[in-house]
Amino acid sequence: MSSDNEPTWRICRKAVWMLIQNVNNLADAEALLNRQENDLHIASGKCFILLLTAIQRPEKSRLESAQAEFKRFEARCGAMLDGGGWLGMVRRKLQFSSGAAAGVDHYDGQIALADVTLCIVGLMVVKVMNGYNVGHIAIAKTVYSLRRVWKMYQQCYASVLDVYRAVYDLDPDENAPRWPPVLKRRQSSSAASLASTSNVGSRMYRSATTSFETFRQDSVSNEMSKDVIRLMTAVSVGYGAFNLILSLVSPMMIPLIGMLGFRGNRRTGLDALMFAKNGPDVHAPLAWLILSWYHMMGNTDFLFDGPHSRENQTYVKESEQLVCNPPEEFRNSTSLQYFIGRSFYLKGDLEQSIRAYEIGSTVLVDNSFVSMKTMCLHELGFMYAIKLDWIAAYKKFASVAEVWMKQYHYFMATVCAGAAGDTTTAELMRRRTDEVVSGCRSDACRGTMNSFMESKETKVAEALRWTAAASSEDDADSKHGHILCNHCDGQRYCRLIAYEVLYVKYGVAKWPEDALHAVLSDCQEAEDDDNTMLYTKQLLTVVCQRVLGFVDDYRQSLIDIVENMDRNQRRDHLYVYGVYELTAEQIRHNETIEEGKRTVQKLKDIKRSYHFQHFYEMRCVSLQAYVQKLNVR
């Protein structure tokens, strides 16, 4: 329990993260915040909790109640910053400020206003994702609000950074604060008096008198130093997150977001978030969470063994540093175990990755706003599949299918059980997949895997029949030779589907050698093979051989695959992945770099919808960024 003298921003951090660690603590978290209802930080914390509870239980009444509370707090922040309207603004520009708390409150208010406006945007996203009809006008207002939030974070960041530069040992031209901050030497009295001769506006200039003028005097208050650090870290989260996320959008979206007034710089975003994760208030754990997501889930430069990844291995060290130094709220949490599992996978340590996910999947209390226990089960299914432990894989997929993305996970459970030769379980999983599909509304269940699963449904059912028939003694007596071949083909077909999904989702660079050799073995042509998996086998063969280092240059093989698909008018996801792999291979070699740059244009021209489009676009973003970097050199 907090003491009476504890800062309210610290109480807010306790309450919010008490709730995130265990949703059953909602009453305790609210009780902690109800002690000082009129405080700005407490009110901001309540808004954050309302958004989290709305995400978990998005009933219409709860969403409307949260929106009303957000609007009230937004109006309160606006009134506080307005300070008497136009007349108050003029008065502030003409008068000098002398109170130390006024400037802190001003920037706290700016940050709180930006945060609550972002909560309103988040609530709109929750409504859309849960199928509520929000209307085009509401969506347009949301986009406008998002742009306004971005401007607020930009302006507040610049203003607080000015103060931070003046107080700490920072070059005037540096655009990012340093951690840990180091106070400057004692300044002369003339410099101190010069620093106290102006005013406070919405933008703080270096000549301005501010509530932080004591920083410019001979002695610097430790308490005020902490206020500047807290404000700098708090605003850096929103500012950094915007820059990072905007830098990750698809190249096809860049003209649109530019027209709307958004710009994102990845390095700026990462620097701001790395600084912010050390902060004292509720924003710091958020910064750690965003950075962990980026380095272990959103970093397209590293996830798929692209050119960036081959040149730069600092990503591994950065992910290690994050999981080794989590904020106190995430220690012993499912979230931390999930990121530890991802970190080990990115290092190629499959056993340690599985161990971390297993710990995260068996906890009694889950961070159930975004169920990390479920996410751990999801990853375990794929990790066991990469390990070729098909039995363990289908068990994990079947477990997660009970609570999340049922069609997706039942389909993967079907394929993995079929790969293991367990046709009874595979047929049960397949029937459950069909039940989920028939029980869904036409548009509500569309997703990344949906069309792919539909295209494979008939063939999977046939493969399971082959496998079941081959294990029947009666059929084995009469048609042993033919069925034995089909038996092998049925299981192999299921394995090939699993390999294809694994390649799309993870790439193959981090797979164990025995798994890569197993893929190559299954991709060898058999006499009774049909053409349905021809290009799958050809593409998987090339990427696995490249990782194993069998040959240094696979350009001609990839050119043949792409040209054959061109001739056969094959324009599915395998075609675009083939073009991607060809481009990456051309860029790897000095003699074909220019040709690779031209092939990148082909990636830009492919704008139709494909299976696994999300993962394809992630790869393209990284590859096109790499080519732009080459052009600058």
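The structure under discussion appears in the preceding block.
These numbers were taken from a predicted model, which means no experiment stands behind them.

1. What to know about the overall build of the chain
- When you go through the chain residue by residue, the secondary structure sums to 29 helices and 0 strands.
- Buried residues in the chain amount to 53% of all 633 residues.
- Within the chain, contacts between residues at least 6 apart in sequence are counted, and of these 68% link residues at least 24 apart.
- Of the roughly 29,500 Å² of accessible surface on the chain, a fraction of 52% belongs to carbon and sulfur atoms.

2. A look at the pattern of salt bridges
- Within the structure shown, the criterion is met by 20 salt bridges.
- In this structure, Arg 72 and Glu 69 form a salt bridge, with 2.7 Å as the shortest nitrogen-oxygen distance. In this pair, Arg 72 and Glu 69 are both assigned in helix α4 (residues 60-82), 3 residues apart and thus about one turn of the helix distant.
- Residue Glu 358 is joined to Lys 396 by a salt bridge in which the shortest nitrogen-to-oxygen separation is 3.4 Å.

3. Here's the deal with helix α25 (residues 534-548)
- When the terminal C-alpha atoms of α25 are compared, their 21 Å separation across 15 residues agrees well with the 21 Å that a helix rising 1.5 Å per residue should span.
- For α25, the set of buried residues is Tyr 535, Thr 536, Lys 537, Leu 539, Leu 540, Val 542, Val 543, Cys 544, Arg 546 and Leu 548.
- In the stretch just after α25, Gly 549 is the one whose phi turns positive, near 75°.

4. Focus: the packing of helix α19 (residues 390-401) against helix α20 (residues 406-420)
- Across the interface, α19 lies against α20 with an axial gap of 8 Å and an inter-helix angle of 160°. It follows from the interaxial angle that α19 and α20 lie roughly antiparallel. Note on packing geometry: the crossing formed by α19 with α20 is left-handed. From α19, Trp 390, Ile 391, Ala 393, Tyr 394, Phe 397, Ala 398, Val 400 and Ala 401 reach across to α20, where they touch Lys 406, His 409, Tyr 410, Met 412, Ala 413, Cys 416, Ala 417, Ala 419 and Ala 420.

5. Brief notes about the environment of Leu 244
- For Leu 244, the location among the structural elements is in helix α9 (residues 222-247).
- A C-alpha to C-alpha distance of 9.0 Å links Leu 244 and Leu 273, two positions 29 residues apart in sequence.

6. A short note on the packing of helix α17 (residues 350-361) against helix α18 (residues 372-386)
- Two elements in contact, α17 and α18, have axes whose closest approach is 8 Å; the angle formed by their N-to-C orientations is 150°. The orientation of α17 with respect to α18, classified from their angle, is roughly antiparallel. In terms of crossing hand, the pair formed by α17 and α18 is left-handed. On α18, the residues touching Leu 350, Ser 353, Ile 354, Tyr 357, Glu 358, Gly 360 and Ser 361 of α17 are Lys 373, Cys 376, Leu 377, Glu 379, Leu 380, Met 383, Tyr 384 and Ile 386.

7. Let's talk about the packing of aromatic side chains
- One pass over the full model with this rule turns up 17 aromatic pairs.
- Where Trp 150 meets Phe 242, the ring centres are 5.3 Å apart and the plane angle is 25°; that geometry is what we call stacked. With Trp 150 in helix α7 (residues 136-167) and Phe 242 in helix α9, this residue pair connects regions lying 92 residues apart in the sequence. When sorted by exposure, Trp 150 lands in the same class as Phe 242, which is buried.
- Taking the centre distance of 5.4 Å and the plane angle of 75° together, the rings of Trp 179 and Phe 275 count as edge-to-face.

8. Looking at the nonpolar core
- Counting residues in hydrophobic clusters, the biggest one holds 122 residues, and the most contacted among them are Phe 382, Met 383 and Trp 511.
- If one sorts the elements of this core by residue count, helix α23 (residues 473-506) sits on top with 11 residues.
- In this view, Phe 382 contacts Phe 397, Tyr 408, Met 412, Val 501, Leu 502, Lys 505 and Tyr 506; residues no more than four positions away in its chain are not counted.
- In this structure, Ala 66, Tyr 107, Leu 123 and Phe 242 belong to the second largest nonpolar core, which totals 47 residues.

9. Structural notes on the side chain of Ser 319
- Summarising the element assignment, Ser 319 is placed in helix α15 (residues 314-324).
- The buried category is assigned to Ser 319, whose relative accessible area is 0%.
- A distance of 3.5 Å separates a polar atom in the side chain of Ser 319 from a polar atom in the side chain of Ser 343.
- Discounting chain neighbours no more than four positions away, the residues touching Ser 319 are His 295, Met 296 and Ser 343.

10. Some details on the state of the cysteines
- For the structure shown, the criterion picks out 0 disulfides.
- You can see Cys 494 has no disulfide; the closest cysteine sulfur is in Cys 416, sitting 9.0 Å from it.
- Cys 544 provides the cysteine sulfur closest to Cys 523, a residue in no disulfide bond, and the two sulfurs are 6.6 Å apart.
- For Cys 523, a relative accessible area of 5% gives the class buried.

What counts as what
- Residues numbered from 1 in each chain as written.
- Predicted model: local features only at pLDDT ≥ 70, side-chain atom pairs only at ≥ 80, totals over all residues.
- Heavy atoms only, no water.
- Helix = DSSP H or I, 4+ residues; strand = E, 2+ residues; numbered from the N terminus.
- Buried < 20%, exposed > 50% of the residue type's maximum accessible area, 1.4 Å probe, protein only.
- Contact = heavy atoms within 4.5 Å.
- Areas by Shrake-Rupley, 256 points an atom, 1.4 Å probe, with all protein chains shown as cover.
- Salt bridge = Lys/Arg side-chain N within 4 Å of Asp/Glu carboxyl O.
- Expected span 1.5 Å × (residues − 1).
- Axes fitted to C-alpha atoms, helices over the stretch in contact; angles between N-to-C directions.
- Parallel < 35°, antiparallel > 145°, perpendicular 65-115°, else oblique.
- Left-handed = near helix turned anticlockwise from the far one by under 90°.
- Phe/Tyr/Trp six-rings, centres within 6.5 Å; stacked < 30°, edge-to-face > 60°.
- Core = buried A, V, L, I, M, F, W, Y, C linked by side-chain atoms within 4.5 Å.
- Polar contact = N/O pair within 3.5 Å; in protein donor to acceptor, adjacent residues only side chain to side chain.
- Disulfide = S-S within 2.5 Å.

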